[in-house]
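The lines below spell out each chain.
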Amino acid sequence: MGVMNPILKNRLCKLPAGTVIVGKWHKQAYKIVKPLGNGANGAVYLAESKKGLVAIKVSDSSTTITSEVNVLKRFSKVQGAALGPSLLDMDDWWDQKINRTIPFYVMEYIKGEDFFSFIRKRGKEWLVILVLQLLSALEQLHEEGWVFGDLKPENVLVAGNPPTIRLLDVGGTTLQGRAVKEFTEFYDRGYWGLGSRKADPAYDLFAVAMMMIHACYPTKFERKENGRKQLFTMIQADATLRKYEHVLMKAIDGSYVRAMDMKRELVAAIHHDVPRAGIKQSPSRKQHHKKKRSGMIETAFIVVTLLCMYALYLYGQIL
Amino acid sequence: MRKGTLRQILLITDGCSNHGEDPIAMAALAKEQGITVNVIGVLDQDVMDEHGLREVEGIATAGGGISQVVYAKQLSQTVQMVTRKAMTQTLQGVVNRELKQILGSNISMEDLPPEKRGEVMEIVDELGETVELEVLILIDTSGSMKTKLPTVKEALFDLSLSLNARMGDNLFSVFVFPGKQEDVEKILDWTPKLEALSSVFPKLTSGGLTPTGPALRQAISHFQKKRSLRSLIGRDESYFEESSM
Ligand SMILES: Nc1ncnc2c1ncn2[C@@H]1O[C@H](COP(=O)(O)OP(=O)(O)OP(=O)(O)O)[C@@H](O)[C@H]1O
Ligand SMILES: [Mg+2]
């Protein structure tokens with residue numbers, strides 16, 4: 001874990017099985033079964049509750065917990081299953097052993113395998129299929145005005161039958177236009193010298209390209225002088241990646257404005273279909289744009305109205 | 001809530017001070033003046049000695065900031081993370097104080113029921129995105145740090161990348177200690193462009209003394225100078241420094 005008091009860190013990462021966590025506000029009890037993982041901001045455990053198996057995230061920081069819960073709440077309002085685990089509870093636990101309050105939240109336990117293990121086990125043909133699913137999930141998220149941020153294989157689980165991707169760890173999830181809250185260097189376009197850390201859809205799409213490259217080059221590599229050239233050379237040297245060279249380079253250069261565009265061109269590449277360019281496409285595109293603009297005015301109006309109502313609501317709540 | 005300015009000193013060092021005032025006292029002084037002091041201890045391979053570790057933690061605690069000890073390799077990730085976390089922490093303090101004023105009691109976000117915290121957090125997030133930030137970076141260039149300086153430079157570029165992605169404005173200034181003639185030397189005056197550093201940084205020479213305390217003192221007064229200049233040209237004063245953090 002990162003910036004954290006060492007005693008607390010030790011405790012949070014090593015909660016023994018059988019520990020019972022009881023929330024001070026909602027009085028729900030959770031019995032730790034085993035650790036699921038830990039990272040920069042806390043630790044996640046599998047736990048038993050009245051409602052069955054759940055995942056519970058503990059942290060030293062109420063700020064972290066509250067931010068992530070905010071995002072999960074928003075996600076629950078978005079239709080579609082692939083976005084984050086559903087939120088079940090949020091509370092504080094008084095830990096007698098270290099005499100401290102530990103904030104936590106409880107979410108749906110997603111029984112699945114991480115992205116890379118799944119591909120290693122089931123075969124490389126799954127890579128591009130899972131990426132297509134991922135792009136659909138991202139499209140939804142982007143449509144709602146968010147950017148996932150900390151997109152990496154560890155945060156993508158493959159669950160269920162048929163295998164479906166689920167996004168985990170909303171710690172990096174950021175409103176578009178703001179600075180990305182949390183990221184991992186290797187998947188960050190800023191680290192590669194290929195763009196800013198301002199949250200826009202292309203930020204996530206860069207990470208998707210990096211996930212594909214990393215899937216084909218399992219050993220982690222470091223950035224060299226010219227990041228773009230290095231990645232290009234690697235793409236060309238790998239048979240799988242070469243097939244998607246055009247799409248990958250566009251994602252790396254930040255040329256896709258929408259996840260859907262990347263998805264469409266990836267599908268085309270799978271079928272050896274070179275994306276059509278020129279005269280044929282431009283008229284239909286123009287029309288699409290016009291439609292979109294009037295739609296945008298409507299949307300803007302709705303957003304402004306909602307914002308006003310929300311501001312009034314907030315004002316009332318704080319008073 | 002009004003918009004204001006956050007002031008931070010980011011100290012990057014690899015060991016103990018051995019010259020001049022107690023750096024912990026200087027950090028406490030900074031805090032009193034509304035400046036947060038964050039410290040990053042840089043390691044080679046081995047662990048930092050007990051004394052150095054205690055000083056790093058002591059300075060950050062007294063300065064109301066965050067400390068973190070890392071290997072040079074992790075410097076970039078750490079510098080931007082520590083800076084952001086410290087911002088959030090300070091803003092949280094500001095918002096908590098506002099809450100106390102509104103609710104008239106001794107209430108902070110943690111005392112609110114979980115359902116209510118989300119809204120407070122949104123305000124903190126919003127402030128973190130839009131607030132003006134002034135960061136003075138103080139780099140230890142004494143003997144043992146020499147090999148780490150290229151990594152430090154890289155980490156600072158990375159920091160500016162992260163901070164410049166915010167909507168709010170940033171100002172950076174860079175000091176090194178010990179300086180060529182004096183305890184501390186300014187190598188970059190207040191500027192929104194930390195990249196301007198590239199031309200000056202490689203020329204550094206490393207010496208034997210580590211005057212961390214005096215360096216902190218000078219850093220504080222550099223904020224002061226800036227402020228008096230500001231009031232001269234009649235720009236907004238900052239708000240967050242009024243009360244101690
Ligand atoms: N709902 C869940 N169901 C199953 N496993 C989970 C769930 N949430 C988290 N995990 C597991 O726990 C790990 C750590 O969770 P998470 O990424 O949220 O923690 P973190 O502290 O934010 O880590 P980092 O930011 O470094 O990725 C995940 O990579 C995943 O393996
Ligand atoms: Mg996280």
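Residues numbered from 1 in each chain as written. Chains lettered and ligands numbered in written order. Predicted model: local features only at pLDDT ≥ 70, side-chain atom pairs only at ≥ 80, totals over all residues. Heavy atoms only, no water.

Per an unreviewed UniProt entry, the recorded name for chain B is Ca-activated chloride channel family protein, and the organism is Anoxybacteroides voinovskiense.

**Q** What exactly am I supposed to notice about the packing of helix α4 (residues 125-143) of chain A against helix α9 (residues 259-270) of chain A here?
**A** Helix packing for two helices is described by the angle between their axes and how far apart those axes are. Residue and element names in this part refer to chain A. Remark: α4 packs on α9, axes separated minimally by 8 Å, with the N-to-C direction vectors making an angle of 160°. The angle between the axes of α4 and α9 places the two elements in the roughly antiparallel class. Between α4 and α9 lies a crossing whose hand is left-handed. Along its contact with α4, which presents Val128, Val131, Leu132, Leu135, Ser136, Leu138, Glu139 and His142, the element α9 presents Ala259, Met260, Met262, Lys263, Leu266, Val267 and Ile270. Of the residues in the contact of α4 with α9, the class split is 11 nonpolar, 2 polar and 2 charged. (Axes fitted to C-alpha atoms, helices over the stretch in contact; angles between N-to-C directions. Helix = DSSP H or I, 4+ residues; strand = E, 2+ residues; numbered from the N terminus. Parallel < 35°, antiparallel > 145°, perpendicular 65-115°, else oblique. Left-handed = near helix turned anticlockwise from the far one by under 90°. Contact = heavy atoms within 4.5 Å. Nonpolar A, V, L, I, M, F, W, Y, C, P; charged D, E, K, R; others polar.)

**Q** Could you clarify how one ought to interpret the sheet that holds strand β9 (residues 156-159) of chain A in this entry?
**A** To summarise the sheet geometry, strands pair through backbone hydrogen bonds and adopt either a parallel or an antiparallel arrangement. Residues and elements named next belong to chain A. Read from one edge to the other, the open sheet built from 3 strands follows the order β7-β9-β10, with strand pairing classed as antiparallel. This sheet does not close on itself; its edge strands, each paired only once, are β7 (112-114) and β10 (164-167). Each adjacent strand pair in this sheet contributes to an overall mean axis angle of 35°, direction not counted. Helix-sheet contacts for helix α3 (residues 115-122) involve β7 and β9, and the interaxial angle to β7 is about 95°. Contacts from α4 reach β9 and β10, with the element oriented near 45° to β10. (Pairing = 2+ DSSP bridges.)

**Q** When you look at α4(A) in this model, what are you seeing that I'm missing?
**A** For an α-helix, the turn length of 3.6 residues means that residues three or four places apart are oriented alike. Taking 1.5 Å as the rise per residue, α4(A) with 19 residues should run 27 Å; its terminal C-alpha atoms sit 28 Å apart, in good agreement. Phi turns positive one or two residues past the end of α4(A), at A:Gly145, with a value near 95°. (Expected span 1.5 Å × (residues − 1).)

**Q** Just to check I follow, could you spell out the domain arrangement of chain A for this structure?
**A** One frequently used descriptor of interface size is the decrease in accessible area upon assembly of the parts. Residues and elements named next belong to chain A. Taken domain by domain, chain A holds domain 1 (6-108) and domain 2 (112-270). Of the residues lining the interface, 17 residues belong to domain 1; the matching set on domain 2 comes to 15 residues. Between the two partners, domain 1 and domain 2, sit 1 salt bridge. Where Glu108 meets Arg166, a salt bridge forms, and the shortest distance between an N and an O atom there is 3.2 Å. Counting every contact that joins domain 1 to domain 2 gives 3 residue pairs in polar contact (both at pLDDT 80 or more). Per-element accounting of the side of domain 1 that touches domain 2 gives the leading share, 6 residues, to helix α2 (residues 62-76). (Domains from an automatic or database assignment. Salt bridge = Lys/Arg side-chain N within 4 Å of Asp/Glu carboxyl O. Polar contact = N/O pair within 3.5 Å; in protein donor to acceptor, adjacent residues only side chain to side chain.)

**Q** Even after reading the chapter, I still don't get the nonpolar core, so can you show me in this structure?
**A** Looking at soluble globular proteins, one finds that nonpolar side chains tend to be buried together. With 66 residues, the main nonpolar core has A:Phe115, A:Leu134, A:Leu138, A:Leu151, A:Met210 and A:Leu266 as its most contacted residues. When residues of this core are assigned to domains, at least three map to each of domain 1 (6-108) and domain 2 (112-270) of chain A. Among residues more than four places away in sequence, those in contact with A:Leu151 are A:Leu134, A:Leu138, A:Val156, A:Leu167, A:Tyr187, A:Asp204, A:Ala207, A:Val208 and A:Met211. Counting 41 residues, the second largest nonpolar core, distinct from the first, contains B:Leu112, B:Leu149, B:Val152 and B:Leu188. (Core = buried A, V, L, I, M, F, W, Y, C linked by side-chain atoms within 4.5 Å. Buried < 20%, exposed > 50% of the residue type's maximum accessible area, 1.4 Å probe, protein only.)

**Q** Would you explain the environment of B:Ala196 in this entry?
**A** Residue and element names in this part refer to chain B. Secondary-structure assignment places Ala196 in the loop between β6 (185-191) and α6 (212-232). Take Ala196: its relative accessible area is 36%, and that puts it in the partly exposed class. Along the primary structure Ala196 and Phe157 are separated by 39 residues, whereas in three dimensions their C-alpha atoms are 9.8 Å apart.

**Q** Explanation requested: the sheet that holds strand β3 (residues 42-49) of chain A in the structure shown.
**A** All names here are of chain A. What the 6 strands build is an open sheet, ordered β1-β2-β3-β4-β6-β5; its pairing is antiparallel. Unpaired on one side and paired on the other, β1 (20-22) and β5 (87-95) mark the two borders of the sheet. The average undirected angle you get between the axes of adjacent strands in this sheet is 40°. By the bridge criterion, 3 bridges tie β1 to strand β2 (residues 29-39) in an arrangement that is antiparallel. Paired with Val20 across the two strands is Lys31, which belongs to β2.

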